[in-house]
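What follows is each chain in one-letter form.
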Amino acid sequence: MNSYPDFSEHGYQVLRELGRNREGGRITWLASKVETGEQIVIKQFCFAQAGSSWSGFKACEQEIQFLQKLNHPGIPRYLDSFERPDGFCLVQEYINAPSLAATHSFAPEEIKQIAVKALEIIVYLQNRIPPIIHRDIKPENILVDEQLNVYIIDFGFARVGSQEVAASSVFKGTPGFIPPEQMFKPTEATDLYALGVTLICLLTGIKSTKIDQLQDQDDPYLIKFHHLLPQLSLRFLGWLEKMVQPLQKNRFANAQSALKALKPLDIIRVAGVDFSETVLEFKAHRLGEKLTQSIRVENPISDTLLQGRWEVAPHPHDPPHTPDDHAWIAVTPGQFNGNHTRCQVQVDTSKLMADKQYKRQLILHCNAYPETHTLTVKVQTAALIGKRNIPFGGLIGLFLVAVVVAMATTWFITYAASAVASFLLEIFGYGPILFIGILSLVCGFWVGYYTLKRGDSVDVAVGWAMGGAVGLAVGVAAGVALGLALGLAVGVAAGVAAGVVVAWALGWVINLAEDSFTTVLILLTLGFGASAGTGIIAGFLNPFILLALTGTSLPTLSLLLYSPLKTRKLITKYRHSEESLIKP
């Protein structure tokens, strides 16, 4: 024989006791309807029993009023109520689920799902007119079934709107789950604090009765929990910390804003993504050029490993492609595992139209938050007809200089040098002349070096050598022709002048040669001028002179005609292939 109460006259049969609150004079029974056998919950308020208080009757009346107006799958439905000689009974829908106060082992993602569903119920309550504030959210008042459906129960302490709280109601609620403002004027942010503390209990495994272990000694409303959850996402911990801020102005304003902020968050700590550049710009200088740039992908989140996979975003003008094979963009490596990865982005402009600008998006799919990151690729293709400026004025000047130098050199060698040298060598000997030549060589080296010292190493070396060589030649010639004293002065002066002139001339020629094509053209022009100058003095009938003229003039003429002929051929080829090229 059991001691269960007899509710048969009201059509209910008690099956077992679910819970008891002696101070509030409340016992919760699992019962069934006599006619249908449907299981229900009966909350019995025994105000006449010893140790109980009739003040609970007001809470019972208030809960009935709230439940009659509510219709949400996460709130057990109100079914019935009836009076008893010792109190009052409330009949509700039975939810076959344990409360969060029972021993559970939820995964972090499941706890996030519970938080989302609990917030959705609170949003429903706050959207009522006027809004309803539960005021006693805690693990014991939240039920969760095996499918993670969430139910909020016990609306005995609920209030309508932000009403002033009477002195008799100041301490209604559960210590550790009550924010400061609840003692005076609860708001829509009040239930968020209690839900946040409930989530902390779930995540840390601390019982609701032991929540004081996480309370700050100087401020009991401040909950310290970060050190217990190192594996959780910093963004989620920031969200949870905002939920339990003691000052309501620092919390979310309402459940809707808290829910919106929570949904996109990963609860487990995930990797991050930092690009060294977010825009890669390529510029081609010739048709069909393949261009490459590198980008660094960094993961700034410690204790995580970034895993990524590149894909070129679909574009209406690109041929169909797979993540691993795109028509003109390639990323190496296409997949990676690492926190410091250098990726090479290659662009093949041979399949693109000339003189156009292309813009595409690279998508990095990864295990970071968010799951996709984009990188912009901009490509400027080369013009169909390249702008090549041939320095005709400079070439004519170089040609004339080469002619004059060649004429003078040829005349001196042919008519004057041998006779003068033979005559003076008999008088002065080789010693003084050799001294003058060496001194002129040093002066030419020195002046050539300092004239070109602002150029690169190749310019300096060539300018140094050329200035010294010319200085040596002029110095020896002056020594031979003018004698020891006068030859020394003239030789040194000539060496210095030669170093300056040669270095300056070399620098001018280097600046004139913008590319390899122009450089070859300059060299051929100098050769042609030297051949012509030599021919003027030595005579054009000399077979060696004719060979030199032919070997320099014909290539020079060919190069001058090369650009227009190549341009015409290039235009013809481009017109034939334009239909198959990819549009911007």
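Here the structure is a predicted model, which means the values were calculated and not measured.

Asker: Where do I start with the sheet that holds strand β17 (residues 357-366) in this structure?
Answerer: What holds strands together in a sheet is hydrogen bonding between their backbones, with the strands either parallel or antiparallel. Across the sheet, five strands lie side by side as β11-β18-β17-β13-β15; this open sheet has mixed pairing. At either end of the open sheet lies a strand with only one pairing partner, and these are β11 (279-283) and β15 (335-337). Ignoring strand direction, the axes of neighbouring strands in this sheet form an average angle of 20°. Examined bridge by bridge, strand β13 (residues 307-312) and β17 share five bridges and lie antiparallel to one another. In the strand pairing of β17, Gly-308 is matched with Cys-366.

Asker: It is not clear to me how helix α4 (residues 234-243) should be interpreted in this structure. Could you clarify?
Answerer: Along an α-helix, a turn takes 3.6 residues, which lines up residues three or four apart on a common side. Three or more residues of α4 are buried, namely Phe-236, Leu-237, Trp-239, Leu-240 and Met-243. Taken end-on, α4 shows its buried residues confined to a sector of 155°, consistent with a single buried face. Summarising the contacts, the buried residues of α4 are in contact with α2 (108-126), α3 (190-204) and α5 (255-262). Here α4 starts with a cap whose side-chain oxygen sits 3.1 Å from the backbone nitrogen of Arg-235, and that cap is Ser-233.

Asker: I tried to follow the packing of aromatic side chains on my own but got confused; where do I start?
Answerer: A ring pair, where both rings are aromatic, is described by two values, the distance of the centres and the angle of the planes. As enumerated under the stated definition, the model contains seven aromatic pairs in all. When the centroid spacing of 5.7 Å and the interplanar angle of 65° are considered together, the rings of Phe-7 and Phe-82 count as edge-to-face. Of this pair, Phe-7 sits in the segment before β1 (12-21) while Phe-82 is found in strand β4 (residues 78-84), placing the two residues 75 residues apart along the sequence. Accessibility assignment for this pair places Phe-7 and Phe-82 in one class, buried. Seen in terms of ring centroids, Trp-239 and Phe-252 are 6.2 Å apart; in terms of plane orientation they differ by 40°. Their pairing is tilted. Placement of the pair is Trp-239 in helix α4 and Phe-252 in the loop between α4 and α5, with a sequence separation of 13 residues. The exposure class of Trp-239 is buried, given its relative accessible area of 4%. Aromatic ring contacts, followed pair by pair, group Phe-7, Tyr-12 and Phe-82 into a single cluster. The cationic tip of Lys-242 hangs over the ring face of Phe-252; the distance from NZ or CZ to the ring centre is 4.5 Å.

Asker: Is there a simple way to think about the side chain of Lys-43 in this case?
Answerer: Considering the arrangement of structural elements, one finds Lys-43 in strand β3 (residues 39-46). Look at Lys-43 and you get buried, because its relative accessible area is 8%. At a separation of 3.4 Å, a polar atom in the side chain of Lys-43 contacts the side chain of Gln-92. With sequence-adjacent residues up to four places away left out, Lys-43 is seen in contact with Ile-27, Thr-28, Glu-63, Phe-88, Cys-89, Leu-90, Gln-92 and Asp-154.

Asker: Would you mind showing me how to read the confidence of the model for the chain here?
Answerer: Low pLDDT means the predicted coordinates in that region are not meant to be read closely. With 70% of its residues at a pLDDT of at least 70, the chain reaches an overall mean of 77. No element of the chain has a lower mean pLDDT than helix α8 (residues 457-482), which averages 51, and none a higher one than α5, which averages 96. pLDDT under 50 marks residues 50-54. Its contacts with residues more than four places away, or in other chains, come to twelve contacts. Across residues 454-464, confidence stays below pLDDT 50; counting only partners more than four residues off in sequence or on other chains, it has 16 contacts.

Asker: Can you help me understand the pairing of β4 in this one?
Answerer: Two faces make up the sheet, and in a regular strand the side chains alternate between them. Here six bridges tie β4 to strand β5 (residues 87-93), and the two strands are oriented antiparallel to one another. Bridged to Ser-81 within β5 is Leu-90. Counting the residues in the hairpin turn of β4 and β5 gives two residues.

Asker: Would you explain α3 in this entry?
Answerer: Helix length check: α3, at 15 residues, gives a terminal C-alpha distance of 22 Å against a target of 21 Å (1.5 Å per residue), a fit within 8%. Trailing α3 by a residue or two, Gly-205 shows a phi angle of about 80°, which is positive.

Asker: Looking at this structure, I do not really get the packing of α2 against α5. What am I missing?
Answerer: Remark: α2 packs on α5, axes separated minimally by 8 Å, with the N-to-C direction vectors making an angle of 155°. Overall, the two elements α2 and α5 adopt an arrangement that is roughly antiparallel. Taken as a pair, α2 and α5 cross one another with a handedness that is left-handed. Contacts between α2 and α5 involve Lys-112, Ala-115, Val-116, Leu-119, Glu-120, Ile-122, Val-123 and Gln-126 from the first element and Ala-255, Gln-256, Ala-258, Leu-259 and Leu-262 from the second. In terms of residue class, the contact of α2 with α5 is made up of nine nonpolar, two polar and two charged.

Asker: Looking at this structure, how should I read a nonpolar patch on the surface?
Answerer: Together, Ile-536, Phe-540 and Leu-546 make up an exposed nonpolar region whose accessible area comes to about 270 Å². The topology assignment puts Ile-536 in helix α10 (residues 516-538). We classify Ile-536 as partly exposed; its relative accessible area is 45%.

Asker: I keep staring at unusual backbone geometry and nothing clicks. Help me out?
Answerer: The general pattern is negative phi for most residues beyond glycine and trans for most peptide bonds. In this structure, the amide linkage connecting Ile-129 to the following residue, Pro-130, adopts the cis form with an omega of -5°. Looking at the secondary structure, you find Pro-130 in the loop between α2 and β6 (132-133). Residue Pro-333 follows Thr-332 across a cis peptide bond; omega there is -5°. Along the chain, the position of Pro-333 falls in the loop between β14 (329-332) and β15.

Rules used in this analysis
- Residues numbered from 1 in each chain as written.
- Predicted model: local features only at pLDDT ≥ 70, side-chain atom pairs only at ≥ 80, totals over all residues.
- Heavy atoms only, no water.
- Pairing = 2+ DSSP bridges.
- Helix = DSSP H or I, 4+ residues; strand = E, 2+ residues; numbered from the N terminus.
- Axes fitted to C-alpha atoms, helices over the stretch in contact; angles between N-to-C directions.
- Buried < 20%, exposed > 50% of the residue type's maximum accessible area, 1.4 Å probe, protein only.
- Arc of directions from axis to C-beta.
- Contact = heavy atoms within 4.5 Å.
- Polar contact = N/O pair within 3.5 Å; in protein donor to acceptor, adjacent residues only side chain to side chain.
- Phe/Tyr/Trp six-rings, centres within 6.5 Å; stacked < 30°, edge-to-face > 60°.
- Lys NZ or Arg CZ within 6 Å of the ring centre and 35° of its normal.
- pLDDT = per-residue confidence, 0-100.
- Expected span 1.5 Å × (residues − 1).
- Parallel < 35°, antiparallel > 145°, perpendicular 65-115°, else oblique.
- Left-handed = near helix turned anticlockwise from the far one by under 90°.
- Nonpolar A, V, L, I, M, F, W, Y, C, P; charged D, E, K, R; others polar.
- Patch = residues over 30% accessible without salt bridge, like charges linked within 9 Å, V, L, I, M, F, W, Y side chains within 5 Å.
- Areas by Shrake-Rupley, 256 points an atom, 1.4 Å probe, with all protein chains shown as cover.
- Salt bridge = Lys/Arg side-chain N within 4 Å of Asp/Glu carboxyl O.

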